[in-house]
Amino acid sequence: LTLSTRAREVTNNPKSIKNRRVRGPAGSGKSLALASRAVALAQEGKEVLVVSYNITLFHYLSDLCSRGSREQKVRHWKQFVSFTHFSGLLKDLFEQRPETWDPEIEWNQAVIQVLSEAYKSYGNDLPTYDAILVDEGQDFEGEWWA
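These numbers come from a predicted model, not from an experiment.

(A) Focus on the packing of helix 2 (residues 30–43) against helix 3 (residues 55–72). Between helix 2 and helix 3, whose axes approach to 8 Å, the crossing angle comes to 55°. Considering their axes alone, helix 2 and helix 3 lie oblique with respect to each other. Between helix 2 and helix 3 lies a crossing whose hand is right-handed. The segment helix 2 lies against helix 3, with Ser-31, Leu-32, Leu-34, Ala-35, Ser-36, Ala-38, Val-39, Ala-40 and Gln-43 engaging Leu-57, Tyr-60, Leu-61, Leu-64, Cys-65, Gly-68, Ser-69 and Gln-72. Considered class by class, the residues forming the contact of helix 2 with helix 3 number eleven nonpolar, six polar and no charged.

As structure tokens, this is what we get:
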């Protein structure tokens with residue numbers, strides 16, 4: 001996997017940037033940089049959550065991490081990197097708390113409602129991560145981020 005100069009900067013994060021938004025056209029290496037960053041963090045022993053919008057991208061990112069780990073010679077990256085996709089996350093949350101679903105409200109409000117209820121029900125038991133990496137973040141509504 002050949003990383004561009006910009007992708008290597010994302011991977012190594014020499015300026016210790018905490019919040020980063022990577023923009024570029026399709027095929028420019030954004031997902032590759034994200035996967036490489038996830039593996040680099042795993043090599044440091046950091047817990048990482050990689051979030052995609054859909055299951056297809058979920059599998060693609062997992063494959064990129066696997067390939068990147070071989071190239072970076074990181075053996076146990078899978079114990080540090082977790083993957084989820086937004087559709088699956090909502091499905092899991094809905095199945096845990098179906099009473100929070102109101103079929104009369106629009107999709108965006110339903111997502112916010114399910115996420116809010118899940119957040120309240122977890123309390124202080126929410127899982128924590130050293131880094132959360134989101135691919136295709138533009139597909140997420142602003143309210144969902146909150």
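(B) Seen up close, the packing of aromatic side chains. Here the structure, examined in full by the defined rule, presents three aromatic pairs. Look at Tyr-53 and Phe-86: their rings are 6.2 Å apart centre to centre, the planes differ by 15°, and that puts the pair in the stacked class. One end of the pair, Tyr-53, is in the loop between strand 1 (48–52) and helix 3; the other, Phe-86, is in helix 4 (residues 86–96), with 33 residues separating them in the sequence. Judged by relative accessible area, Tyr-53 falls into the partly exposed class, the value being 24%. Each ring, one from Trp-77 and one from Phe-83, has its centre 6.2 Å from the other, and the planes form 90°; the classification is edge-to-face. Phe-83 carries the same exposure label as Trp-77, and that label is buried. In this structure an aromatic cluster arises from ring pairing among Phe-58, Trp-77 and Phe-83.

(C) Summary view of the pattern of salt bridges. Scanning the entire structure with this criterion turns up four salt bridges. In this structure, Arg-20 engages Glu-9 in a salt bridge whose closest nitrogen and oxygen atoms are separated by 3.8 Å. With Arg-20 in the loop between helix 1 (5–12) and helix 2 and Glu-9 in helix 1, the pair connects residues that are eleven residues apart, well separated along the chain. Overlapping salt bridges, with partners in common, bring together Arg-6, Glu-9 and Arg-20 in one network.

(D) Spatial organisation of the sheet that holds strand 3 (residues 131–134). Spatially, three strands are ordered 2-1-3 in an open sheet, and the strand pairing comes out parallel. What marks the edges here is a single partner per strand, and that holds for strand 2 (81–85) and strand 3. Along the sheet, successive strands turn relative to each other by an average axial angle of 20°, direction set aside. As judged from the five bridges shared by strand 1 and strand 2, these two strands associate in the parallel manner. Residue pairing for strand 2: Ser-52 is matched across the bridge by His-85. In the packing of helix 2 onto the sheet, the strands contacted are strand 1, strand 2 and strand 3, and the crossing angle to strand 3 comes to about 165°. Together, strand 1 and strand 2 form the strand contacts of helix 3, whose direction differs from that of strand 2 by roughly 160°.

Calculation criteria
- Residues numbered from 1 in each chain as written.
- Predicted model: local features only at pLDDT ≥ 70, side-chain atom pairs only at ≥ 80, totals over all residues.
- Heavy atoms only, no water.
- Axes fitted to C-alpha atoms, helices over the stretch in contact; angles between N-to-C directions.
- Helix = DSSP H or I, 4+ residues; strand = E, 2+ residues; numbered from the N terminus.
- Parallel < 35°, antiparallel > 145°, perpendicular 65-115°, else oblique.
- Left-handed = near helix turned anticlockwise from the far one by under 90°.
- Contact = heavy atoms within 4.5 Å.
- Nonpolar A, V, L, I, M, F, W, Y, C, P; charged D, E, K, R; others polar.
- Phe/Tyr/Trp six-rings, centres within 6.5 Å; stacked < 30°, edge-to-face > 60°.
- Buried < 20%, exposed > 50% of the residue type's maximum accessible area, 1.4 Å probe, protein only.
- Salt bridge = Lys/Arg side-chain N within 4 Å of Asp/Glu carboxyl O.
- Pairing = 2+ DSSP bridges.

None of this, on its own, says anything about what the molecule does.
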